[in-house]
Amino acid sequence: MQYRRLGGTGVEVSTLCLGTMMFGAWGNTDEQECHRIVGEALDAGINLVDTADVYAHGESEEILGRALRGRRDDVVLATKFHEPMGDDRNRRGNSRRWIRQAVEGSLRRLGTDWIDLYQVHRPDPLTDVDETLGALTDLVREGKVRMIGTSAFPAEQIVEAQWTAERRHRERFTTEQLGYSILTRGVEAAVLPTSERYRLGVLVFSPLNGGWLTGKYRSTAVPADSRAGRNGDHFDFRDAAARDRKLALVDELATLADESGLTLIELALGFVLSHPAVTSAIIGPRTLAQLRSQLPAGEPAGLPADVLDRIDALVQPGHDVNPADAGYRVPALTDPTLRRRP
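Residue numbers restart at each chain and count upward from 1, following the sequence in its written direction. It should be noted that, the model being predicted, local features are given only for residues of pLDDT at least 70 and side-chain atom pairs only at 80 or more, the latter also being counted only at that level, while totals for whole chains, interfaces and linings use all residues. To get the side-chain values, take all heavy atoms of the structure and skip hydrogens and water.

Caption draft 1: Spatial organisation of the packing of aromatic side chains. Classification of ring pairs uses Phe, Tyr and Trp, with its six-membered ring standing for Trp, and accepts pairs whose centres are within 6.5 Å; under 30 degrees between planes counts as stacked, over 60 as edge-to-face, and the remaining range as tilted. Scanning the model with the defined rule gives 5 aromatic pairs in all. Ring geometry for F153 versus F173: centroids 6.2 Å apart, planes at 65°, classification edge-to-face. Of this pair, F153 sits in the loop between β7 (145–151) and α5 (155–168) while F173 sits in the loop between α5 and β8 (175–179), placing them 20 residues apart in sequence. A relative accessible area of 3% means that F173 is categorised as buried. Their ring planes at 45° and their centres at 5.5 Å tell us that Y180 and F271 sit as a pair that is tilted. Residue Y180 is located in the loop between β8 and α6 (191–197), and its partner F271 is located in helix α9 (residues 264–273); the two are separated by 91 residues in the primary sequence. This pair shows no difference in class: Y180 is buried, exactly as F271 is. Across the ring face of W114, the terminal group of R72 is positioned such that the distance to the ring centre comes to 4.1 Å. Put simply, DSSP H or I for four residues or longer makes a helix, DSSP E for two residues or longer makes a strand, and each gets a number counted from the N terminus. Accessible area is worked out with a 1.4 Å probe on protein chains only. A residue is then buried under 20% of its type maximum, exposed over 50%, and partly exposed in between. Remark: a charge is flagged as sitting over a ring if the NZ atom of Lys or the CZ atom of Arg is within 6 Å of the ring centre and within 35 degrees of the ring normal.

Caption draft 2: Broad picture of helix α8 (residues 240–259). Helix length check: α8 (20 residues) gives 29 Å between terminal C-alpha atoms against 28 Å at 1.5 Å per residue, within 8%. Taken together, the buried positions of α8 are A242, R243, K246, L247, L249, V250, L253, A254, L256 and A257. Contacts are assigned to residue pairs with any non-hydrogen atoms lying within 4.5 Å of each other. Of the surrounding elements, those touching the buried residues of α8 are α9 and α11 (305–314). Helix span, as expected, comes to 1.5 Å for every residue beyond the first.

Caption draft 3: Summary view of the sheet that holds β8. If you walk around this closed barrel you meet the 8 strands as β3-β4-β5-β6-β7-β8-β9-β10, and the pairing is parallel. The mean inter-strand angle of the sheet, taken between neighbouring strand axes irrespective of direction, is 30°. DSSP-based pairing: two strands are paired if at least 2 bridges between them are found. Note that β8 and strand β9 (residues 201–205) share 5 bridges and pair parallel. Residue T175 lies in a different strand from β9, and its bridge partner there is G201. Helix-sheet contacts for helix α4 (residues 129–142) involve β5 (76–81), β6 (115–120) and β7, and the interaxial angle to β7 is about 155°. Every axis corresponds to a line fitted to the C-alpha atoms, with the helix fit spanning only the stretch in contact, and the corresponding angles, defined between N-to-C directions, vary from 0 to 180 degrees.

Caption draft 4: Structural view of the nonpolar core. In this text, buried Ala, Val, Leu, Ile, Met, Phe, Trp, Tyr and Cys residues form a nonpolar core when linked through side-chain atoms within 4.5 Å. Counting 87 residues, the largest nonpolar core has Y118, L136, Y180, L253, L267 and I311 as the members making the most contacts within it. Among the elements that make up this core, the one with the highest residue count is α9 (8 residues). When near neighbours in sequence (up to four residues on either side) are disregarded, Y118 contacts T79, K80, F81, I99, A102, V103, L136, L139, V145, M147, I148 and G149. Counting 11 residues, the second largest nonpolar core, distinct from the first, contains L6, V13, L48 and F205.

Caption draft 5: Inspection of the pairing of β6 at higher detail. Among the 6 residues of β6, 6 are classified as buried, and the element is accordingly described as predominantly covered. Viewed along the sheet, the connection from β5 through helix α3 (residues 96–110) into β6 turns out right-handed. Where β6 lies against β7, 5 bridges are found, and the strand directions are parallel. By the bridge assignment, Q119 is partnered in β7 with G149. Note on handedness: a crossover is taken as right-handed if, strands pointing away from the viewer, the path from the first strand over the helix to the second is clockwise. Note on the crossover from β6 through α4 to β7: the handedness is right-handed.

Below is the structure:
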């Protein structure tokens, strides 16, 4: 396993991060296997683990907290807030009120006194970023949180948050978590360069594009136990154009991987880890077998130039094969009332 500095924090983290979204009702309900996944990942050298309060509505945090008993100090532990945690309209978002409640819930479920990296899961257009930064600054000063970060923030909102922190004397965001893969390259245009400019540690979610870059999907037949089978809209199996384009690309990428002496998974993870702004790629295995298929990509962490050139020829830099994979859309693009005068 290789390690990199997490932006300008001085903290060193593994180039592979263990994501735990699949722990619990959303993926693997066998808690003992989830514990084994954590143990095997840590034994392999992974020291960064990521979760969120919303994953299986808190169950992922609970399982992870129990799995880390006795090894908490060995881990840079990251979680997130923002997504709805109930029907109450105030149990969501980025307000000071909700942040104070959300952090206590995460600390309790994780069975820890502090969170190493507390991340804003998505932007909140209804909340002033200064209010969010003020609440998070208080948590850092109280010792409940060590570092703060964002997830799926557009470049302009990353810049706004950095300027707000400087002008209002707040703790600044030191990381950005974003969706990035061979098939999802839109962030190369602005978000990755902006993150690099501000020395943010970049954590990549969905580097395997929801399983597409594992080789699992090679035809229109969907494996019964796959996430595509459970959520076809999200994984392009009900969008024929996106599905067919991805199927064709996966065939070509699999050939490239084979010619390069790599598995398709190693090619995919090596691609995101080759970008100079990227610190760590989040892998989210549902089973031990999936974890073991992904661990070899931690060494070496990157691809040679000729392989990257061939990937560029297949998928244009800065281009998302399916724009819906981007992870966040500015509300004005989806709500017409936000772009029309009353």
